Amino acid sequence: MAIDTIVAADYEVVIGLEVHSQLLTKSKMFCPCSTDYAYAAPNTHVCPICMGMPGVLPVINQQAIAYTIMTALALNCEIPLYSKFDRKNYPYPDLMKGYQISQYDIPLSKNGYLAIEHNGHIKRIGITRVHLEEDTARLLHHDGYSLVDINRSGTPLMEIVSEPDLRSPEEARLYMQKLREILVYLGVSSGRMEEGSLRCDANISIRPDGQKELGVKTEIKNMNSFRSVERALAYEAQRQIELLRNGQAIHQETRGWVEVRGITVPQRSKEYAHDYRYFPEPDLPPLLISRDWVEELREQLPELPDARRARYIDEYGLSTQDANVLTEDKALGDYFEQVLAVSQTSNLKERAKDAANLVLNDVVRLLKSNSISVSENPLSPSASANLLDLLEKERITGKQAKEVLEEAFASGKMPEVVVKEKGIEPPISDQSALERIVEEVLTNNSKAANDYRAGKTNALQALIGQVMKQTRGQAKADSVRKILIEKLDETTTQ
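Before going into details, it helps to say that this report is about the structure given with it.

The rules behind each value
- Residues numbered from 1 in each chain as written.
- Predicted model: local features only at pLDDT ≥ 70, side-chain atom pairs only at ≥ 80, totals over all residues.
- Heavy atoms only, no water.
- Helix = DSSP H or I, 4+ residues; strand = E, 2+ residues; numbered from the N terminus.
- Expected span 1.5 Å × (residues − 1).
- Buried < 20%, exposed > 50% of the residue type's maximum accessible area, 1.4 Å probe, protein only.
- Polar contact = N/O pair within 3.5 Å; in protein donor to acceptor, adjacent residues only side chain to side chain.
- Contact = heavy atoms within 4.5 Å.
- Patch = residues over 30% accessible without salt bridge, like charges linked within 9 Å, V, L, I, M, F, W, Y side chains within 5 Å.
- Areas by Shrake-Rupley, 256 points an atom, 1.4 Å probe, with all protein chains shown as cover.
- Salt bridge = Lys/Arg side-chain N within 4 Å of Asp/Glu carboxyl O.
- Phe/Tyr/Trp six-rings, centres within 6.5 Å; stacked < 30°, edge-to-face > 60°.
- Pairing = 2+ DSSP bridges.
- Axes fitted to C-alpha atoms, helices over the stretch in contact; angles between N-to-C directions.
- Parallel < 35°, antiparallel > 145°, perpendicular 65-115°, else oblique.
- Nonpolar A, V, L, I, M, F, W, Y, C, P; charged D, E, K, R; others polar.
- Left-handed = near helix turned anticlockwise from the far one by under 90°.

1. Describing helix α11 (residues 398–411)
Turning to step 1, where the next piece is worked out: End to end, α11 covers 20 Å across 14 residues, agreeing with the expected 20 Å (1.5 Å per residue, within 8%).
Turning to step 2, where the next piece is worked out: Trailing α11 by a residue or two, Gly412 shows a phi angle of about 80°, which is positive.

2. Remarks on the side chain of Asn89
Turning to step 1, where the next piece is worked out: Locating Asn89 in the fold gives a position in strand β3 (residues 86–89).
Turning to step 2, where the next piece is worked out: With relative accessibility at 11%, the residue Asn89 sits in the buried group.
Turning to step 3, where the next piece is worked out: Among the polar contacts listed, one links the side chain of Asn89 to the backbone oxygen of Arg277, at a separation of 3.0 Å.
Turning to step 4, where the next piece is worked out: Apart from residues lying up to four places away in sequence, Asn89 is in contact with Gly98, Tyr99, Asp275, Tyr276, Arg277 and Phe279.

3. Let's talk about a nonpolar patch on the surface
Turning to step 1, where the next piece is worked out: The grouping of Leu81, Tyr82 and Leu288 at the surface amounts to a nonpolar patch, some 350 Å² of accessible area in total.
Turning to step 2, where the next piece is worked out: For Leu288, the position within the fold is in strand β15 (residues 287–288).
Turning to step 3, where the next piece is worked out: The class of Leu288 is exposed, set by a relative accessible area of 73%.

4. Considerations on the packing of aromatic side chains
Turning to step 1, where the next piece is worked out: Under the counting rule described, the total for this entry stands at eight aromatic pairs.
Turning to step 2, where the next piece is worked out: Here the aromatic rings of Phe30 and Phe85 are separated by 5.6 Å at their centres, their planes lie at 85°, and the arrangement is edge-to-face. Of the two residues, Phe30 is situated in the loop between β1 (11–22) and α2 (62–74) and Phe85 in the loop between β2 (82–83) and β3; the sequence distance between them amounts to 55 residues. Comparing Phe30 with Phe85 shows no difference in burial state: the two are buried.
Turning to step 3, where the next piece is worked out: Taking 5.9 Å as the distance between ring centres and 80° as the angle between the ring planes, the aromatic pair formed by Tyr316 and Phe336 counts as edge-to-face. Residue Tyr316 is located in helix α6 (residues 305–316), and its partner Phe336 is located in helix α8 (residues 330–341); the two are separated by 20 residues in the primary sequence.

5. Quick look at the sheet that holds strand β10 (residues 198–208)
Turning to step 1, where the next piece is worked out: If you trace the eight strands from one edge of the open sheet to the other, you get β5-β6-β9-β1-β10-β11-β12-β13, paired in mixed fashion. A single partner strand is all that each edge strand has here, and the edge strands are β5 (110–118) and β13 (263–269). Sheet twist, expressed as the mean angle between neighbouring strand axes with direction ignored, is 30°.
Turning to step 2, where the next piece is worked out: One ladder, built from six bridges, connects strand β12 (residues 253–258) with β13; its direction is antiparallel. The residue of β13 that forms the bridge with Glu253 is Ser269.
Turning to step 3, where the next piece is worked out: Its contacts with the sheet place helix α3 (residues 169–186) against β1, β5, β6 (121–134), β9 (156–162) and β10, and it is angled at close to 115° to β5.
Turning to step 4, where the next piece is worked out: Set on the sheet, helix α4 (residues 226–245) makes contact with β1, β10, β11 (218–223), β12 and β13; between it and β10 the angle comes to about 25°.

6. Digging into the sheet that holds strand β4 (residues 99–102)
Turning to step 1, where the next piece is worked out: What the three strands build is an open sheet, ordered β4-β3-β14; its pairing is antiparallel. Of all the strands in the sheet, the pair left with one neighbour each is β4 and β14 (279–280).
Turning to step 2, where the next piece is worked out: Here β3 pairs with β4 via four bridges, running antiparallel. Opposite Lys88, over in β4, you have Gln100 as the bridge partner.

7. A word on the packing of helix α7 (residues 320–328) against α8
Turning to step 1, where the next piece is worked out: In the contact formed by α7 and α8, the axes pass within 5 Å of each other and the chain directions differ by 110°. Comparing the axis directions of α7 and α8 gives the class roughly perpendicular. Contact with α7, carried on its side by Val325, Leu326, Thr327 and Glu328, involves Lys330, Leu332, Gly333 and Phe336 of α8 and no other residues of that element.
Turning to step 2, where the next piece is worked out: Of the residues assigned to the contact of α7 with α8, the class counts are four nonpolar, two polar and two charged.

8. Some points on the packing of α6 against α8
Turning to step 1, where the next piece is worked out: Interaxial distance between α6 and α8 falls to 12 Å at its minimum, and their mutual angle equals 30°. When the axis of α6 is compared with that of α8, the two are roughly parallel. Viewed along their axes, α6 and α8 form a crossing whose handedness is left-handed. For the pair α6 and α8, the contacting residues are Arg308, Arg311, Tyr312 and Tyr316 in the first and Lys330, Gly333, Asp334, Phe336, Glu337 and Leu340 in the second.
Turning to step 2, where the next piece is worked out: Residue classes in the contact of α6 with α8 are distributed as four nonpolar, one polar and five charged.

9. Let's talk about the pattern of salt bridges
Turning to step 1, where the next piece is worked out: Enumeration over the complete set of coordinates arrives at 38 salt bridges.
Turning to step 2, where the next piece is worked out: In this structure, the salt-bridge partner of Arg87 is Asp283, at a minimum N-O distance of 3.4 Å. Here Asp283 lies in the loop between β14 and β15 and Arg87 lies in strand β3, a separation of 196 residues in the sequence.
Turning to step 3, where the next piece is worked out: Arg87 gets classed as buried once you look at its relative accessible area, which sits at 15%.
Turning to step 4, where the next piece is worked out: For Asp283, a relative accessible area of 31% gives the class partly exposed.
Turning to step 5, where the next piece is worked out: Between Asp362 and Arg365 there is a salt bridge whose closest N-O contact spans 3.6 Å. Residue Asp362 and its partner Arg365 are both found in helix α9 (residues 348–369); the two are separated by three residues, about one turn of the helix.
Turning to step 6, where the next piece is worked out: A residue is classified by how much of its surface remains accessible, and Arg365, at 35% relative accessible area, is partly exposed.
Turning to step 7, where the next piece is worked out: Connected via shared salt-bridge partners are Glu303, Arg308, Arg311, Lys330, Asp334 and Glu337.

10. Comments concerning the side chain of Ser205
Turning to step 1, where the next piece is worked out: For Ser205, the position within the fold is in strand β10.
Turning to step 2, where the next piece is worked out: Sequence-distant contacts of Ser205, that is, excluding residues within four places in its chain, are made with Glu12, Val13, Val14, Gly215, Val216, Lys217 and Gln240.

What follows is the structure in structure tokens.
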């Protein structure tokens with residue numbers, strides 16, 4: 001991105017991210033209300049506790065604590081023996097109690113890191129802490145007034161705070177993408193930024209190149225995609241650079257990202273920690289975190305994206321690019337592995353490469369063209385494996401496989417059933433018969449043959465197409481190519 005070059009010239013950008021993730025628990029953080037409110041009527045998933053009524057007592061959601069510790073372990077954090085909740089006071093209309101139950105000085109974890117790859121180099125981004133709090137209500141703004149929906153209030157909200165180790169908007173985007181992968185693999189978050197279940201606030205400052213003291217930072221909110229994060233930081237970095245170059249001051253403030261205009265705008269002056277008047281939450285006991293429980297949670301951690309990526313390369317011999325794409329989307333990687341699990345083959349490594357090619361090209365293409373997700377895929381892993389089995393046994397050609405795949409995807413039938421119903425004949429295996437067809441095609445397409453002999457290699461594809469048409473797709477394209485080249489070379493040297 002251009003901003004990297006601008007900053008590298010005489011200024012350095014310093015970025016830290018605060019990522020909030022709603023946790024996939026069935027109930028809220030401090031009450032039994034359901035978190036399944038996405039399509040519910042406003043103010044229906046509420047009770048006196050999440051409405052902030054006087055005299056009520058919160059009860060800690062143990063699953064939310066477990067999910068937060070699992071995330072912290074995946075991010076290489078230290079888990080203390082003791083933690084507690086605090087009251088964070090601020091008077092916004094979406095805060096039902098007039099304060100938020102959060103964590104401040106003794107969070108559930110600290111001192112971790114997340115490794116990202118940027119320009120071929122691995123870089124560790126420090127994680128200050130992973131802590132837990134409750135989400136706020138949702139304000140719905142109209143012309144001249146606002147309405148409040150309390151359904152979201154009290155939903156478990158995990159906050160992951162990075163060190164100011166990021167040095168470009170691109171690094172910030174890569175960090176966000178990598179973090180989302182981990183959260184989805186852990187099963188603790190849906191990771192859907194567009195729905196607000198994963199949200200990011202970015203702190204950014206600028207300092208002259210070589211200076212160690214940090215500059216005055218601004219905080220950016222309202223970014224709902226990875227692209228928005230990168231664009232907002234690029235704009236804000238450039239804005240701050242221009243202020244400094246013009247001898248103007250940068251003010252510590254919170255700014256909002258306006259996507260349609262591509263700019264940040266002032267929202268309010270930035271609060272400091274003392275503004276929130278933190279003190280220990282008197283209605284909740286401190287947390288004593290058992291070492292045995294921490295190790296039990298560690299054992300429950302699934303294979304994470306980096307480990308899966310390395311295994312695909314080492315065990316299956318996949319290219320780095322294929323391994324990266326398959327592991328970026330957990331559901332896609334799961335589908336790929338399910339195809340391998342039900343495959344009938346003696347060469348798993350070769351099947352893995354064929355399966356990766358099928359999934360990343362044909363299956364993904366069909367999913368996109370039909371606007372459906374991997375979880376809604378009508379083509380079962382067994383169906384994909386069956387198609388690969390038919391190809392390996394040379395029951396169908398590559399061209400026939402395309403036709404069979406389309407039908408199997410549309411109907412949900414197994415490919416072998418589609419082959420039988422369509423009366424698809426096996427590929428031509430008689431070499432002499434195929435050679436006679438090739439010779440006939442060369443005779444009837446002398447111009448294309450002469451063009452190839454004259455060095456126009458594209459003419460070969462036209463000849464292959466004619467042979468495939470003559471054989472009704474029953475010839476193997478690689479065999480046709482080989483015979484054509486041999487016949488053409490013979491006539492060239494005569």
